[in-house]
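The lines below spell out each chain.
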Amino acid sequence: MDKTWAFVAAGAVAALLGGTALWLGLNRGSDPFAQCRAGQAGADIGGPFTLVDGATGKTVTDKEVIDRPTLVYFGYTFCPDVCPLDMSRNAEVADILEEQGQDVRLAFITVDPGRDTAQVVADFAYNIHPKAIGLTGSDAQIKAAAGVYRAYYKLQDTSEEYYLVDHSAFTYLMLPGTGFADFYKHAAPADEVAQSVSCYLQAGAAQN
């Protein structure tokens, strides 16, 4: 009797594993970027926004900003360390990809619109990289943009002249027509990010 149940249990486990493998195979097969992803796909990140392009002073939408593969970053120009380091890393990624013939835009979205005027974010972006654009807007516009990207930020005591802003430090890879592809943490080195982005671009090109 015990042996019979053992065979039944073994068969059930085998069937379960086989079904799981089939499910994963089918889902990976339907995802053109499966080989590029380090984790699970399908994160609900990104969406419509309306912001101000610092360089032109004009209002732009997400479709105008993400008209090519874009690395999106939320930060602020008065940030003493993390933001400049992350944006400089992203600039290095753009240079690596440009050498490979791949065009990637950098988008810096401020979470401190009170100090980061259009001119301030424009200058910050220009000093980072020629392909970087700085975006600002009203408090409501910034809150809405951060919300669709699930980006966290919180201003500290703004009565202080040099107040800081707590914020998440992720770079989001957004693809036109596809949306969110992946995200990269603060500690990710430029060569690894570039390799990952290149994988997405090549996989996307293969689908066209």
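In this report, the structure presented in the accompanying data block is examined.

Conventions and cut-offs
Residues numbered from 1 in each chain as written. Predicted model: local features only at pLDDT ≥ 70, side-chain atom pairs only at ≥ 80, totals over all residues. Heavy atoms only, no water. Helix = DSSP H or I, 4+ residues; strand = E, 2+ residues; numbered from the N terminus. Expected span 1.5 Å × (residues − 1). Buried < 20%, exposed > 50% of the residue type's maximum accessible area, 1.4 Å probe, protein only. Core = buried A, V, L, I, M, F, W, Y, C linked by side-chain atoms within 4.5 Å. Contact = heavy atoms within 4.5 Å. Patch = residues over 30% accessible without salt bridge, like charges linked within 9 Å, V, L, I, M, F, W, Y side chains within 5 Å. Areas by Shrake-Rupley, 256 points an atom, 1.4 Å probe, with all protein chains shown as cover. Salt bridge = Lys/Arg side-chain N within 4 Å of Asp/Glu carboxyl O. Lys, Arg positive; Asp, Glu negative; His and termini not counted. Charge placed at Lys NZ, Arg CZ, Asp CG, Glu CD. Pairing = 2+ DSSP bridges. Right-handed = clockwise from strand over helix to strand, strands pointing away. Polar contact = N/O pair within 3.5 Å; in protein donor to acceptor, adjacent residues only side chain to side chain. Disulfide = S-S within 2.5 Å.

**As for helix α3 (residues 82-99)**
Along an α-helix, a turn takes 3.6 residues, which lines up residues three or four apart on a common side.
Argument step 1. The terminal C-alpha atoms of α3, which comprises 18 residues, lie 26 Å apart, in line with the 26 Å expected from a rise of 1.5 Å per residue.
Argument step 2. Within α3, burial applies to C83, D86, M87, R89, N90, A91, V93, A94 and L97.
Argument step 3. G101 lies just past α3 and shows a positive phi near 80°.

**Observations concerning the nonpolar core**
Argument step 1. Counting 55 residues, the largest nonpolar core has F74, Y149, Y172 and V197 as its most contacted members.
Argument step 2. Tallying contributions element by element places helix α6 (residues 190-207) first for this core, with seven residues.
Argument step 3. If sequence neighbours within four positions are ignored, F74 has contacts with I109, V111, A145, A146, Y149, A151, H167, S168 and Y172.

**What about unusual backbone geometry?**
Peptide bonds are trans in most cases, and residues, glycine excluded, mostly fall at negative phi.
Argument step 1. Residues other than glycine seldom take positive phi values, yet R150 does so here, at roughly 55°.
Argument step 2. With respect to the secondary-structure elements, R150 resides in the loop between α5 (139-148) and β6 (153-155).
Argument step 3. We classify R150 as exposed; its relative accessible area is 58%.

**Focus: a negative patch on the surface**
Argument step 1. Taken together, the side chains of E92, D95, E98, E99, D191 and E192 present a region of like negative charge at the surface.
Argument step 2. Going through the elements one at a time, α3 and α6 are the ones with two or more residues in the negative patch.
Argument step 3. Broken down by element, the residue count for the negative patch peaks at four residues, all from α3.
Argument step 4. Its place among the elements puts E192 in helix α6.

**A look at the environment of P48**
Argument step 1. Tracing the backbone shows P48 in the loop between α1 (2-30) and β1 (50-53).
Argument step 2. Overall, the relative accessible area of 66% leaves P48 in the exposed class.
Argument step 3. For the pair P48 and A145, spaced 97 residues apart in sequence, the C-alpha separation works out to 7.5 Å.
Argument step 4. Those residues within four positions of P48 in sequence are excluded, and the remaining contacts are D62 and V148.

**Some points on the environment of Y152**
Argument step 1. Within the element layout of this structure, Y152 appears in the loop between α5 and β6.
Argument step 2. Given the relative accessible area of 47%, Y152 is considered partly exposed.
Argument step 3. Residues Y152 and D166, 14 residues apart in the sequence, show an inter-C-alpha distance of 7.9 Å.
Argument step 4. Once you skip the residues sitting within four places of it in the chain, Y152 turns out to touch D166, H167 and S168.

**Examining the pairing of strand β4 (residues 105-110)**
One face of the sheet, then the other: side chains in a regular strand alternate in exactly this way.
Argument step 1. Of all six residues in β4, six are buried, a share of seventy percent or more.
Argument step 2. Of the two faces of β4, both are covered, the one formed by R105, A107 and I109 as well as the one formed by L106, F108 and T110.
Argument step 3. In this structure, strand β3 (residues 70-75) lies alongside β4, joined through six bridges in parallel fashion. Across the sheet, residue Y73 finds its bridge partner in β4, namely F108.
Argument step 4. In this view, the connection linking β3 to its parallel neighbour β4 by way of α3 has right-handed handedness.

**A look at the side chain of T70**
Argument step 1. Checked against the element boundaries, T70 lands in strand β3.
Argument step 2. Here R68 takes part through its backbone oxygen, which lies 2.7 Å from a polar atom of the side chain of T70.

**Here we look at the state of the cysteines**
Argument step 1. Applying the stated rule across the entire model yields one disulfide.
Argument step 2. Each sulfur in the disulfide pair C36 and C199 lies 2.1 Å from the other. Looking along the S-S bond of the C36-C199 disulfide, the torsion reads about -80°, which is the left-handed sense. Of this pair, C36 sits in the loop between α1 and β1 while C199 sits in helix α6, and the two are 163 residues apart along the sequence.
Argument step 3. Overall, C36 belongs to the buried group, its relative accessible area being 10%.
Argument step 4. We classify C199 as partly exposed; its relative accessible area is 21%.

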